[in-house]
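The lines below spell out each chain.
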Amino acid sequence: MTEPYWTPEHLEEVVSARARILGPAVWAAAAPDRGPVISFSGGLPDIPSLPGELLVRATKWVVENDEKEALEYNGTFGPRPLREAIAERSSAIEGIPVSVDQVMVVSGSAHGIGVMCETLLDPGDVVLVESPNFPGSMRTIRSFGAVQIPVAMDELGMRVDLLEEEMKKLADQGKRAKFLYCIPTHQNPAGCTLPMDRRERIVELAREYNTFVLEDDAYGELWFEKTPPPSLFALSGGDHAVKISSFSKILATGLRLGWTMGPVSLTARMAALRYDMGSSSFLGRVVARAMRSGELDDHIRELRRIYLRKLERVEDGIRRYCADYCTYTRPDGGFFLWLMLRPGMNSRDVQMAANARNVIIGQGPQFFADGVSTNHLRLAFSYVAMEDIEEGMHRLGEAMAEVAAKGAGK
Ligand SMILES: Cc1ncc(COP(=O)(O)O)c(C=O)c1O
């Protein structure tokens, strides 16, 4: 048998510049941790509440009522019934009229972010990125050869004074950022929700410097007790901000469905650039049916209750086992708690000590646009089984105690 020619080395000679920037490693998109571990690591939905029966009912309806269109190509803007349902529902949520022409259905928000990057970015372009941030999106932006300028956050969210400084600096050099990427609501990893005055300032700055805002709203609908302030998309009148949303966290990650809402002109350019023949017309109709029947909203209400209960149980564990070692600001929704360790304790050491006790928790430079991590741990409370939370927090507390004791002994 002849040796295969296409070894990784030969392949490296022909791959694209984008593939070369990213390298051969397949990105570890959040996947369930298997085995006897208690996982506070992935931003994954609660397993027992996955809506199988809801989807069976909606699928049956689609097959009985709309089979032909559901099984045909539907164009690159995505299936019209879902775009219409999203436009109607979003008009109510956003408090501004959202037209079908502003909505494009995509294969998950990660895909929507990729299409926006493809439409706007050339190598060397500048993107402002709230930092810390979701590593997957920063990786996508990086693959286009864009320069990412971090904008630091405090406990309330992105510091708009620093944003203004960076925008002004760019303008003084005759440049502008193509867009600002941020997660203003129930942020990943920091959990915080940006207050209204900062939102208004971001939109003002986007207008002043003619820059788009890419508002990633993967967790926006999962608020617990109070609705978040208006989106940047709504505050911009649907003009300077593109909001990217997902059915991943409110229905199921496996559907691979999300949507973008933005100016008609940009939405049309994004659709014009797509070469994937549009996202699934079948699944799009199934989700549209779940929206129209009211079942999606019922399900989201149930999820809010479940995630609040999980958060409360985690907070109880922090009070009992971890209070001497860390502080945090309570999130108003979403999946994440951002734990700040007390001075002298290292987050990597705590992560390792927790791993040794079969507890997994997020940490590290991948969350930061400049690759320099702070002393935080990201605790995802969404995926862990309710009945494992107490034990997991107990072990995390032991891990923290061990690291604190070693630090004291130095
Ligand atoms: C902030 C944020 N944006 C986007 C995504 C991608 O989600 P999806 O492509 O499943 O919609 C995730 C997934 O964890 C996320 O946390």
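The structure we're discussing is the one just above.
Thresholds, definitions, all that
Residues numbered from 1 in each chain as written. Predicted model: local features only at pLDDT ≥ 70, side-chain atom pairs only at ≥ 80, totals over all residues. Buried ≥ 20, exposed ≤ 12 C-beta atoms within 10 Å, placed from the backbone. Helix = DSSP H or I, 4+ residues; strand = E, 2+ residues; numbered from the N terminus. Arc of directions from axis to C-beta. Near = placed C-beta within 6 Å. Nonpolar A, V, L, I, M, F, W, Y, C, P; charged D, E, K, R; others polar. Pairing = 2+ DSSP bridges. Contact = placed C-beta atoms within 7 Å. Axes fitted to C-alpha atoms, helices over the stretch in contact; angles between N-to-C directions.

Peer 1: So what exactly am I meant to see when it comes to helix α14 (residues 347-355) here?
Peer 2: Note on helix geometry: an α-helix contains 3.6 residues per turn, so any two residues three or four positions apart are oriented the same way. Among the residues of α14, S347, V350, Q351 and A354 are the ones counted as buried. End-on view of α14: buried residues confined to an arc of 100°, all on one side of the axis.

Peer 1: Would you mind going over the site of the ligand with me for this structure?
Peer 2: Not every one of the 16 residues close to the ligand is listed here, only the nearest: G108, S109, A110, S246 and S248. Where the shell around the ligand is concerned, the elements lending two or more residues are α6 (109-120) and α7 (135-143). Partitioning the shell around the ligand into residue classes produces five nonpolar, ten polar and one charged.

Peer 1: What should I look at first to understand unusual backbone geometry in this one?
Peer 2: That bond from S131 to P132 is cis: its omega, 10°, falls within 30 degrees of zero. Mapped onto the elements, P132 comes out in the loop between β3 (126-131) and α7. Put simply, N188 and P189 share a cis peptide bond, and its omega is 15°. Tracing the backbone through its elements, the reader meets P189 in the loop between β6 (179-182) and α9 (196-209). Positive phi outside glycine occurs at R256, with the angle close to 50°. Along the chain, R256 turns up in the loop between β8 (241-246) and β9 (258-261). Not every positive phi belongs to a glycine, and M277 is a case in point at roughly 65°. Considering the arrangement of structural elements, one finds M277 in the loop between α11 (264-273) and α12 (281-292).

Peer 1: Explanation requested: the sheet that holds β8 in the structure shown.
Peer 2: Backbone-to-backbone hydrogen bonds pair the strands of a sheet. The strands run either parallel or antiparallel. The strand order across the open sheet built from eight strands is β2-β9-β8-β7-β6-β3-β4-β5, with neighbouring strands paired in mixed fashion. Only two strands of the sheet have a single neighbouring strand rather than two, namely β2 (103-106) and β5 (157-158). Docked against the sheet, α9 engages β5, β6, β7 (212-216) and β8, running at close to 145° with respect to β7.

Peer 1: Even after reading the chapter, I still don't get the pairing of β2, so can you show me in this structure?
Peer 2: Note on strand geometry: in a regular strand, side chains alternate between the two faces of the sheet. Side-chain alternation along β2 places V103 and V105 on one buried face and M104 and V106 on a second face that is also buried. Bridge count between β2 and β9: four bridges; the pairing is antiparallel. From the neighbouring strand, M104 faces β9, where its bridge partner is T260.

Peer 1: What's the story with the sheet that holds strand β10 (residues 326-327) in this structure? I'm lost.
Peer 2: The three strands lie next to each other as β10-β11-β13, forming an open sheet whose pairing is antiparallel. Edge positions in the open sheet fall to β10 and β13 (376-380), since each of these has one partner strand only.

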